[in-house]
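# Fold and contact review
As a plain string of letters, each chain reads:
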Amino acid sequence: MKPSLSLEQQSALLRSRGLIIPDEAECRAFLAAHSYYRLSGWARYFQTAPHVGDDSFRPGTGFDDIRRVYEADEALRARLVAPLTRAELVLRTHVARVIGDRHGPRGRYLEQDFYTDVGDAEPTVMACLRDVGRSKERHILHFKSGTGNDAHFADLPVWSAVEAFSFGTLSKCIERGAGGTLTADVAASVGVATAGFAYRVRALVYLRNRCAHHSRLWHHSVVDAGPTPNNVRVKAKRLVGQFGPRSVLDVIASLDDLLVRSGASEATLPDLFAEWADGEDFWPGLAAPQVPIDHRR
């Protein structure tokens, strides 16, 4: 079991492993604000071979080198919040419009057989009801009938309900709603390709959650990587260079396509490239994420 270390001991441990720390006080202040454990996720990529127990830093590595990519990652997550929020609002709007126009604004979308669920996962309608049930917004409570387990929302219009859905629940609705036809209908309404659309939305949820929970994007291989259309990927690579299919840049390219085609905003990726492409370590770590370098049992 590893002992708990003071800030002084933490900086001393880093120094003992060969990390150059020009300003001890500045290093300790950073560790106090961000934690040693959290910083280690970035530091691993500057160490010699932590996967085999060699935690020494590569010769010449300074604390500022690690902090630079850490802060760039932090800034990238902050920059992505606005376009991801716009995409989420676009999807809420179009889901409500499609359901309201094609299936009626009330009742049907809160029926279990409206969704095609697979496996033992929570039924989609339960996720919808849980989200609206815990809302304290007046526009939701106005349509609530009954209390506790007897509460129901038969008269709640879909355009009000989608405002209470989490992004994850909204994604499930798009993927499973109306016998699977909601995916194509929402994609057409937004103005993007139908093929793989539900999985692209899932990738946006994944990226949004990583940003919201302050998780590392640098050298991160996206688990729920959506099938970004080839024409979208090729266009993005012409602008910013090569990147892998599990890179966050691939998801951002997909995000840009949705925002531009829906008329919600201009593309974000070119600006990110202009700001960070000159970074010696940061941009390559986004474009070609490596398998995590960490201790093995």
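Structure report, in brief.

As a further point, take the overall build of the protein chain. The helix and strand inventory of the protein chain stands at 14 helices and two strands. For the protein chain, the spread of C-alpha atoms along the three principal axes comes to 65 × 50 × 35 Å. Looking at the 297 residues of the protein chain, the share that counts as buried comes to 44%. Across the protein chain, the fraction of contacts at a sequence separation of at least 24, relative to all contacts at a separation of at least 6, is 66%. Total accessible area on the protein chain stands at roughly 15000 Å², and carbon and sulfur atoms take up 51% of it. Computed over 37 positive and 36 negative side-chain charges, the inter-centroid distance for the protein chain is 2 Å.

For helix α9 (residues 181–190), the complete set of buried residues consists of Leu182, Thr183, Asp185, Val186, Ala187 and Val190. Along its buried surface, α9 packs onto α4 (63–103), α8 (167–176), α10 (197–212) and α12 (248–262). Looking at the residues trailing α9, positive phi occurs at glycine 191, about 100°.

Relative to the helices and strands, leucine 269 resides in helix α13 (residues 269–276). Relative accessible area serves as the criterion here: at 3%, leucine 269 is assigned to the buried category. Between the C-alpha atoms of leucine 269 and aspartate 250, which are 19 residues apart in sequence, the distance is 9.7 Å. Apart from the residues within four sequence positions on either side, leucine 269 is in contact with Ala236, Val240, Leu249, Ile252, Ala253, Asp256 and Trp283.

By the definition in use, this model includes 21 salt bridges. The closest approach of N and O atoms between arginine 208 and glutamate 88, which form a salt bridge, is 3.9 Å. Placement of arginine 208 in helix α10 and of glutamate 88 in helix α4 is noted, with a sequence separation of 120 residues between them. Looking at arginine 208, the relative accessible area reads 32%, which means it is partly exposed. Judged by relative accessible area, glutamate 88 falls into the buried class, the value being 9%. Across the salt bridge formed by glutamate 175 and arginine 202, the nearest N and O atoms sit 2.8 Å from each other. Of this pair, glutamate 175 sits in helix α8 while arginine 202 is found in helix α10, placing the two residues 27 residues apart along the sequence.

With their axes 11 Å apart at the nearest point, α4 and α8 run at an angle of 45° to one another. One way to sum up the angle between α4 and α8 is to call them oblique. Where α4 crosses over α8, the two elements pack in a sense that is left-handed. Across the interface between the two elements, Glu88, Leu91, Arg92 and Val95 of α4 pack against Phe167, Leu170 and Ile174 of α8. The residue inventory of the contact of α4 with α8, partitioned by class, reads five nonpolar, no polar and two charged.

A separate point is the packing of aromatic side chains. To describe a pair of aromatic rings, one takes the distance between the centres and the angle between the planes. All told, the structure shown has eight aromatic pairs when counted by the stated rule. Judged by centre distance (5.3 Å) and plane angle (70°), the ring pair of tyrosine 45 and tryptophan 218 falls under edge-to-face. Taken together, the residues span a long stretch of sequence, with tyrosine 45 in the loop between α3 (36–43) and β1 (47–49) and tryptophan 218 in the loop between α10 and α11 (230–240) at a distance of 173 residues. Judged on exposure class, the residue tyrosine 45 and its partner tryptophan 218 are both buried. Judged by centre distance (5.0 Å) and plane angle (90°), the rings of phenylalanine 114 and tyrosine 115 are edge-to-face. What makes phenylalanine 114 buried here is its relative accessible area of 2%. Note on tyrosine 115: relative accessible area 6%, which makes it buried.

All right, on to the pairing of strand β2 (residues 54–57) then. Burial along β2 is one-sided: Asp55 and Phe57 are buried, and none of Asp54 and Ser56, which face the opposite way, are. By the bridge criterion, two bridges tie β1 to β2 in an arrangement that is antiparallel. Bridge pairing in β2 links glutamine 47 to phenylalanine 57. The loop that links β1 with its antiparallel partner β2 comprises four residues; one of these, glycine 53, has a positive phi angle of about 95°.

Before going further, it helps to examine helix α5 (residues 124–133). For α5, the complete set of buried residues consists of Thr124, Val125, Ala127, Cys128, Asp131 and Val132. Seen from one end, α5 has its buried residues packed into an arc of 160°, which puts them on one side. Along its buried surface, α5 packs onto α6 (138–141), α7 (158–161) and α8.

About the thresholds
- Residues numbered from 1 in each chain as written.
- Predicted model: local features only at pLDDT ≥ 70, side-chain atom pairs only at ≥ 80, totals over all residues.
- Heavy atoms only, no water.
- Helix = DSSP H or I, 4+ residues; strand = E, 2+ residues; numbered from the N terminus.
- Buried < 20%, exposed > 50% of the residue type's maximum accessible area, 1.4 Å probe, protein only.
- Contact = heavy atoms within 4.5 Å.
- Areas by Shrake-Rupley, 256 points an atom, 1.4 Å probe, with all protein chains shown as cover.
- Lys, Arg positive; Asp, Glu negative; His and termini not counted.
- Charge placed at Lys NZ, Arg CZ, Asp CG, Glu CD.
- Salt bridge = Lys/Arg side-chain N within 4 Å of Asp/Glu carboxyl O.
- Axes fitted to C-alpha atoms, helices over the stretch in contact; angles between N-to-C directions.
- Parallel < 35°, antiparallel > 145°, perpendicular 65-115°, else oblique.
- Left-handed = near helix turned anticlockwise from the far one by under 90°.
- Nonpolar A, V, L, I, M, F, W, Y, C, P; charged D, E, K, R; others polar.
- Phe/Tyr/Trp six-rings, centres within 6.5 Å; stacked < 30°, edge-to-face > 60°.
- Pairing = 2+ DSSP bridges.
- Arc of directions from axis to C-beta.

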